[in-house]
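Now for the letters of each chain:
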Amino acid sequence: MEELSTRYNPSDLEEKWYSRWKEGGYFEPRGTGEPFTIMIPPPNITAPLHMGHALNLVIQDIIIRFKRMKGFKALWVPGEDHAGIATQNAVEKDLAKKGTNREELGREKFLEATWNWTAEYRQRIREQIEAMGCSVDWSRERFTMDDGLSEAVRKSFVDLYKQGLIYRGKYIVNWCPRCATVLSDEEVEHEDEKGAFYHIKYPIKGSEEYVVIATTRPETMLADTAVAVYPSDERYEGIAGKTVILPLMNREIPIIQDRYVDPSFGTGALKVTPAHDPNDFQIGLRHGLEVIEVIDKDARINENGGKYRGLDRYEARKQVVKDLEEQGFLIKVEPMVHAVGRCYRCETIVEPSLSDQWYVKVGPLAKRAIEAVEQGDVVFFPETWKKVYLNWMHEIRDWCISRQLWWGHRVPVWYCDDCNEIIVEEHDPEFCPRCGSRKLRQDEDVLDTWFSSQLWPFTTLGWPEKTSYLKAFYPTSVLVTAFDIIFFWVARMIMAGYHFMGDKPFDHVYITRLIRDKNGRKMSKSLGNGIDPLDVIEEHGTDAMRFTLAILAAQNHDIKLDVRFFDTYKKFANKIWNASRFVFLNMEGFEKMEIDETKLAVEDRWIMSRLAKSVTAVESSIDVYDFPTASKTIYSFFWNEFCDWYIESVKPRLNRGAEDRAVAQNVLIKILDASLRMLHPFMPYITEEIWQRLPGSEGLLISSEWPEFDESDFDDASENEFSRIMEIVRGIRNVKAEMNIPPSSKTDVYCLGREIDSEVLKLVSHLSNSNEIGWRDEKTSGSVSAWADNENTLYVVLGEIDTEAEIQRLQGKLEKERNDLTRTKSKLENKSFVDNAPEEVVNENRERLSISQDNILRIEKIVEDLR
């Protein structure tokens with residue numbers, strides 16, 4: 001058997017094993033088991049992957065490796081998203097650094113530059129996915145703008161159009177002046193910002209009276225076409241139907257009544273600007289109001305704005321307010337805080353703008369997508385996201401899908417210049433079907449990125465062709481994604497799945513949380529607190545990074561990530577390596593044999609029961625996406641139970657007679673074998689390397705079976721028996737620590753009471769580093785109890801000590817422990833602390849309370865014995 005090297009070096013293993021797995025086809029679906037499918041949420045090609053991507057990918061890989069080992073025909077499809085507006089922005093910034101821009105290049109050259117960018121970043125993303133050990137089926141890799149997916153996008157648009165579910169209409173949209181494109185409601189991020197309420201007099205024609213309106217955007221008054229009041233508002237009784245003179249513009253506009261107006265907000269009178277506010281637009285439709293646009297697509301005042309023409313919207317605001325004040329129309333300005341919408345990509349304040357756009361009629365599609373989640377056909381993990389999804393779906397509005405960009409899927413619509421026919425077809429038309437003209441223009445706009453992404457679960461499997469993969473692997477099994485794209489993507493995939501496939505796109509949706517820095521701040525370039533996954537891999541190894549992310553992946557709160565955590569789990573990888581090395585070094589003369597249960601020692605029976613329970617617990621946790629519990633179970637079993645207790649327990653037997661040694665060797669190999677299988681989905685590289693040296697292993701670990709256990713493998717009696725041994729050993733160790741006796745120093749221990757099995761006492765003596773444990777009739781001076789039950793007490797002999805000095809020292813320690821206990825107890829009895837402190841802080845204090853209580857009891861007992 002080739003020895004493991006003395007030092008664990010992750011970089012020696014990773015590239016070697018990834019290449020072997022990939023080239024050997026181990027990532028492709030195999031066997032005849034039930035299909036299990038995951039579609040990777042395709043990362044945007046805008047930048048390298050960050051730690052949030054790493055979390056998402058690691059979780060998916062744990063699931064797919066686990067299912068592969070469980071015998072499923074597992075498929076994990078990789079791919080990337082063209083990310084329209086985000087990529088166009090990134091490329092434009094890159095061009096600016098080179099001293100040019102897209103207008104100078106023109107559409108064709110700009111798209112050429114963007115395809116070059118795409119090739120570079122797709123390759124970077126591939127390399128990062130490989131570096132993280134992700135077992136995706138690279139033979140199935142897709143891109144949202146590859147030929148097959150582009151054809152599918154066209155087909156879906158045409159089908160929806162011909163079914164009356166896509167239409168073109170003039171509506172108020174969210175317009176980003178910087179990106180020069182429309183944004184969907186979900187692409188606008190609202191934040192509270194300081195602003196002002198401007199109270200303005202609108203004189204009533206032919207009288208000395210006036211109406212006061214309050215607005216946060218006085219520049220839009222240039223486009224007002226009415227003033228609206230609530231029908232039953234007594235303050236404005238009798239003025240409906242009258243006319244006001246619009247200040248600054250000297251235009252007559254009517255006073256109307258509309259139930260949209262909130263009498264309790266502002267002055268109860270609303271200026272109506274149909275071209276620059278979505279609610280005002282609806283009021284305008286109901287009352288047949290004129291629609292006047294004054295803010296253009298560059299966010300400047302246009303020719304309808306009179307003397308303010310050419311001013312930026314904020315310059316115009318200042319000038320309008322100045323003129324209102326000078327002409328006596330401005331009554332007062334009140335500071336206030338209100339929600340301001342910004343572009344999710346460039347953070348420019350969004351301008352409500354009237355525009356012709358393409359829309360999807362969402363209502364008919366939403367019904368089945370709502371039922372799917374309400375009835376449990378699609379299940380969210382954790383369940384709290386179900387309510388978030390349903391609340392949004394019940395309020396969903398038609399989806400604006402056209403974007404004024406160059407990068408993306410071009411809208412498959414053509415216009416005939418001779419007869420104005422609108423042609424919507426999957427393939428480019430050569431002539432107008434109505435008049436035969438060849439003067440056709442394709443719509444300049446592209447489709448929203450999410451239009452193609454919503455089709456991802458089935459277009460990646462070959463739709464609209466009825467492929468064997470589509471038949472076998474759709475619906476998919478689980479979607480692992482971030483909470484911030486539930487509306488952008490998850491909801492739309494569910495709607496598209498039912499509409500185009502007649503079935504849900506996935507069974508489960510597992511929502512990951514945000515990764516923050518150790519202080520709870522969002523990671524960002526401006527704060528300089530981001531963590532690059534590749535830097536972590538280089539310093540700590542892929543397996544340590546993966547295990548860290550898995551153990552932190554709580555379902556109900558964001559992750560606070562401290563780089564020191566990676567070091568903790570690199571030490572775990574070292575522990576796995578060194579424990580395996582110890583096992584292999586003690587395999588001389590090893591022969592695999594059927595283990596005779598009557599020959600098993602208590603520690604053998606205990607570890608095999610603990611293994612069975614641990615594997616079962618890990619399996620159950622993965623099935624409900626509870627990765628922290630699964631990881632903690634693995635960590636606790638391997639480090640605490642296998643290494644700290646079992647390996648230490650069997651060391652004497654490995655140096656004894658042939659039979660004792662053979663049994664210990666076989667149990668060690670059995671436990672290590674199952675442990676490597678259990679660890680493999682989490683830490684694939686180190687486990688594969690060790691597996692190759694495991695006596696009796698065949699093939700590669702990636703294709704081996706998951707260890708199977710059931711309740712018949714549980715041995716509670718042996719667990720109870722060995723738990724007693726551990727309690728005794730801990731008791732002796734605690735006394736030695738309390739009395740400052742080095743762990744390496746052997747101590748005398750004796751027992752009072754009924755006889756304890758001699759083999760148990762030998763094991764206790766070995767584990768506690770004590771001399772042979774004898775029996776006495778009564779307690780002797782200079783000894784303190786380390787452990788007791790109803791029948792026995794074990795004492796540690798302290799030797800020659802200054803008893804009074806020791807009691808005084810321990811009394812001081814006792815006082816400190818009691819003070820700590822009082823402080824901790826006070827915190828936990830404070831309802832405000834328990835309700836508002838972070839969960840981990842509260843749990844830390846509960847643990848501290850328990851430790852203090854145990855310490856106090858132990859020290860009190862030692863003092864009592866010394867007296």
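Residues numbered from 1 in each chain as written. Predicted model: local features only at pLDDT ≥ 70, side-chain atom pairs only at ≥ 80, totals over all residues. Heavy atoms only, no water.

S.K.: So what exactly am I meant to see when it comes to the overall build of the chain here?
M.R.: Along its length, the chain carries 25 helices and 29 strands. Structurally, the chain occupies a C-alpha span of about 115 × 65 × 55 Å along its principal axes. If you take every contact in the chain between residues at least 6 apart in sequence, the share linking residues at least 24 apart comes to 76%. Looking at the chain as shown, the accessible area adds up to about 39,900 Å², and 45% of this sits on carbon and sulfur atoms. Of the charged side chains in the chain, 112 are positive and 145 negative, and the gap between their average positions amounts to 2 Å. (Helix = DSSP H or I, 4+ residues; strand = E, 2+ residues; numbered from the N terminus. Contact = heavy atoms within 4.5 Å. Areas by Shrake-Rupley, 256 points an atom, 1.4 Å probe, with all protein chains shown as cover. Lys, Arg positive; Asp, Glu negative; His and termini not counted. Charge placed at Lys NZ, Arg CZ, Asp CG, Glu CD.)

S.K.: Explanation requested: the pattern of salt bridges in the structure shown.
M.R.: In a structure, side chains of opposite charge can pair up when their charged atoms sit close to one another. Taken as a whole, this structure holds 69 salt bridges when the rule is applied. For Asp428, the salt bridge goes to Arg154, with nearest N and O atoms at 2.7 Å. In this pair, Asp428 is assigned in the loop between strand E19 (422–424) and strand E20 (440–442) and Arg154 in helix H5 (residues 147–162), connecting sequence segments 274 residues apart. Relative accessible area serves as the criterion here: at 49%, Asp428 is assigned to the partly exposed category. Of the charged contacts, one joins Lys571 and Asp567 as a salt bridge, the two residues approaching to 3.7 Å between their closest N and O atoms. Here Asp567 and Lys571 lie together in helix H16 (residues 564–585), a separation of four residues that amounts to about one turn. Connected through salt bridges with shared partners, the residues Arg217, Glu219, Arg313, Arg317 and Glu351 form a single ionic network. (Salt bridge = Lys/Arg side-chain N within 4 Å of Asp/Glu carboxyl O. Buried < 20%, exposed > 50% of the residue type's maximum accessible area, 1.4 Å probe, protein only.)

S.K.: What's the story with empty space enclosed by the protein in this structure? I'm lost.
M.R.: A water-sized probe rolled over the atoms picks out the places where empty space is left. Evaluation of the coordinates by the stated rule reveals four cavities of 30 Å³ or more. Space inside the largest cavity adds up to approximately 70 Å³. Residue lining of the largest cavity: Leu160, Val360, Val362, Leu365, Trp399, Gln454, Arg492, Met495, Ala496, His499 and Phe500, and that is the complete set. Among the elements that make up the lining of the largest cavity, the one with the highest residue count is helix H13 (residues 486–501) (five residues). Looking at side-chain class alone, the lining of the largest cavity contains eight nonpolar, two polar and one charged residues. (1 Å grid on protein atoms, 1.4 Å probe; cavity = no way out; pocket = protein on both sides within 12 Å on 5 of 7 lines; lining within 4 Å. Points joined across faces, edges and corners; volume = space filled by probe spheres on them. Nonpolar A, V, L, I, M, F, W, Y, C, P; charged D, E, K, R; others polar.)

S.K.: Whenever I open this one, helix H19 (residues 658–679) confuses me. Can you help?
M.R.: For an α-helix, 3.6 residues make a turn, and residues three or four places apart therefore share a direction. For H19, which comprises 22 residues, the first-to-last C-alpha distance of 31 Å matches the rise-based estimate of 32 Å (1.5 Å per residue) to within 8%. Counting buried residues in H19 gives 18 out of 22 residues, a clear majority hidden from the surface. (Expected span 1.5 Å × (residues − 1).)

S.K.: What is the right way to read the side chain of Lys504 from this model?
M.R.: With respect to the element layout, Lys504 can be found in the loop between H13 and strand E23 (506–512). Judged by relative accessible area, Lys504 falls into the buried class, the value being 16%. Not counting residues up to four positions away in its chain, the partners in contact with Lys504 are Asp377, Val378, Tyr474, Pro475 and Tyr498.

S.K.: Got a minute to help me understand the side chain of Glu817 in this structure?
M.R.: Position of Glu817 among the secondary structure elements: in helix H23 (residues 803–828). One buried charged residue, Glu817, remains without a salt bridge, the closest side chain of opposite sign being Lys816 at 5.8 Å. Residue contacts for Glu817: discarding those within four places in its chain leaves Ser852, Asn855, Ile856 and Ile859.

S.K.: So what exactly am I meant to see when it comes to the sheet that holds strand E6 (residues 181–183) here?
M.R.: In a beta sheet, neighbouring strands pair by backbone hydrogen bonds and run either parallel or antiparallel. Read across the open sheet, the four strands follow the order E6-E5-E14-E16; overall the sheet is antiparallel. Of all strands in the sheet, those with a lone pairing partner are E6 and strand E16 (399–400), marking the two edges. In this sheet, E6 lies alongside strand E5 (residues 166–176) in antiparallel orientation, the contact comprising three bridges. The residue bridging Cys176 from the neighbouring strand is Thr181, located in E6. (Pairing = 2+ DSSP bridges.)

S.K.: Please clarify how the nonpolar core should be interpreted in this entry.
M.R.: A general trend in soluble globular proteins is that nonpolar side chains are found buried together. Within the largest apolar cluster, 212 residues are counted, with the highest numbers of intra-cluster contacts made by Phe157, Tyr389, Phe451, Phe642 and Phe682. No other element matches helix H18 (residues 627–654), which puts twelve residues into this core. Apart from residues no more than four positions distant in its own chain, Phe157 is found in contact with Ile166, Trp358, Ile401, Val411, Pro412, Val413, Val424, Leu447 and Phe451. Ranked by size, the runner-up nonpolar core spans 30 residues in total, among them Ile295, Ile301, Ala316 and Leu330. (Core = buried A, V, L, I, M, F, W, Y, C linked by side-chain atoms within 4.5 Å.)

S.K.: What exactly am I supposed to notice about unusual backbone geometry here?
M.R.: Cis geometry is found at the peptide bond from Trp463 to Pro464, where omega equals 15°. In the segment running from Tyr474 into Pro475, the intervening peptide bond is cis, with an omega of 0°. Within the secondary structure, Pro475 sits in the loop between helix H12 (468–473) and strand E22 (476–482). For Ala180, which is not glycine, the phi dihedral falls at a positive 55°. Along the chain, Ala180 falls in the loop between E5 and E6. For Asn420, which is not glycine, the phi dihedral falls at a positive 65°.

S.K.: Would you mind showing me how to read the environment of Lys367 here?
M.R.: As for its placement among the helices and strands, Lys367 is situated in helix H8 (residues 363–374). Counting along the chain gives 360 residues from Lys367 to Glu727, while the straight-line C-alpha distance between them is 60 Å.

S.K.: Is there a simple way to think about the sheet that holds strand E27 (residues 774–775) in this case?
M.R.: Spatially, four strands are ordered E27-E26-E29-E28 in an open sheet, and the strand pairing comes out mixed. Of all strands in the sheet, those with a lone pairing partner are E27 and strand E28 (783–788), marking the two edges. Note: strand E26 (residues 748–753) against E27, two bridges, orientation parallel. When the bridges of E27 are listed, Cys751 appears paired with Trp775. Along the sheet face, helix H21 (residues 716–738) touches E26, E28 and strand E29 (792–797) and points at about 155° away from the line of E28. (Axes fitted to C-alpha atoms, helices over the stretch in contact; angles between N-to-C directions.)

Everything listed here is a matter of geometry and, on its own, says nothing about what the molecule does.
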